[in-house]
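# What the coordinates show
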Amino acid sequence: CSGFIFMFRKSAGLKPGESRLGKCLMIGLPFACGNGGFISPAGSPGNLIAQSLLQAQGVDVSFLQWFVMCLPFALIMCLLVSISLILIFKPEAMPTEAQQAVFAEKDKLGPMEGKEKKAIIIIIVTILLWFAGTWVKALNTTVVAGCAFFLMFMPGIDLMDWKSYVREADWNLLMMVGSVAVTMGCVNSTGAMTWIADKFFSGLGGMGIYAVMLIVGFVVCYLRVLIPTAPSVAAIFVPIMIGIAQIVGAQYTLALAMIPVFWAGATITLLYTEPIYLYTHGAGYYSASDLFKGGLVPTLLMIVIVAFGFPTWFHLFGF
């Protein structure tokens, strides 16, 4: 996606600091990538952390269930952000010459190469196997992803090589994803999380679930901007949400736990604590204040939609 958008803005002659269309695209691209990660357990390392912590509580959400339950909220947030960017920044129409230049660049790419075809096949098969894991438990998200990862290194496929991977991989992130579930399992088994929830959130026990969801959603959403990576958001907040569920009602465990999972990727108010925006911010099309203005109203609306939508919608699927 980033390659296409960067080619588009270059071919269309969208000038940094001047083009309102460029501003919308450069804000929308990283937002869509982060927000889209909410749609499946494989969309973000934080999702896998949340899934593991929920399984430890007996809440087992299959790949298909996660996809069907979470897709509507990701689409609603994308729609709200798109409308907000258009209304606030009023992007200019792209000239016909610029459109022709974009199509000319596309034609220069030529037909797909062998490696590109192999990559597409592996990605499609991986997604299909993830969905099949709904019925075949051995095909869980991590196992399928691991097999696809291994296959890309195989002789004759050669989509990746080990030296490049070792050099470019974020090993701190990989180690954290593997260790968080173990650590939080220990915390839960000792009863420490129940004690924390009781001491700090016992006042929520007398409130209705929608009031609790509103308060928790607002707090998580705006504390999230102080935490720079999505996996950290899940690691910190999902156990707390599980503890709150023990106070307000265990049937709301999934609805509460999904609040930090959603805001881990859908944040669109502050720039410098979310690395995904720094990728496009460097091109000079928008400022930190532009991001805040474009994301403030959608964020506030979505806090309300999540608060009322998660418990009601998830209940239809037995959670």
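Here the structure is a predicted model, which means the values were calculated and not measured.

## Here we look at the pattern of salt bridges
Within this structure, the stated rule accounts for two salt bridges. Notably, a salt bridge pairs D290 with K23, separated by 3.4 Å at the nearest N-O pair. Placement of the pair is D290 in helix α15 (residues 288-315) and K23 in helix α2 (residues 20-36), with a sequence separation of 267 residues. When its relative accessible area of 8% is taken as the criterion, D290 is described as buried. The buried category is assigned to K23, whose relative accessible area is 19%. Notably, a salt bridge pairs D290 with K293, separated by 3.8 Å at the nearest N-O pair. Of this pair, D290 and K293 both sit in helix α15, three residues apart, roughly one helical turn. Residues joined by salt bridges that share partners form a network here, namely K23, D290 and K293.

## Examining a nonpolar patch on the surface
Together, M207, I215, F218, V219, L223, L226 and L300 give the surface a local cluster of nonpolar side chains, amounting to about 600 Å² of exposed area. The element contributing the most residues to the nonpolar patch is helix α11 (residues 209-224), with four residues. Residue placement: F218 occurs in helix α11. Judged by its relative accessible area of 43%, F218 is partly exposed.

Definitions and cut-offs
- Residue numbers restart at each chain and count upward from 1, following the sequence in its written direction.
- Under the rules for a predicted model, residues below a pLDDT of 70 receive no local features and side-chain atom pairs below 80 are neither given nor counted, while totals for whole chains, interfaces and linings still include all residues.
- The side-chain quantities take in all heavy atoms of the structure and omit both hydrogens and water.
- Should a side-chain nitrogen of Lys or Arg be within 4 Å of a carboxyl oxygen of Asp or Glu, the pair is scored as a salt bridge.
- Helix and strand definitions follow DSSP, with helices as H or I runs of at least four residues and strands as E runs of at least two, each counted in order from the N terminus.
- Note on exposure labels: buried denotes an accessible area under 20% of the residue type's maximum, exposed denotes more than 50%, and partly exposed covers the range between, all computed with a 1.4 Å probe on protein chains only.
- Surface patches are drawn from residues lacking salt bridges whose relative accessible area is over 30%; two like charges belong together within 9 Å, two nonpolar side chains (Val, Leu, Ile, Met, Phe, Trp, Tyr) within 5 Å.
- Exposure was quantified through the Shrake-Rupley algorithm and a 1.4 Å probe, taking into account, for residues, occlusion by the shown protein chains and nothing else.

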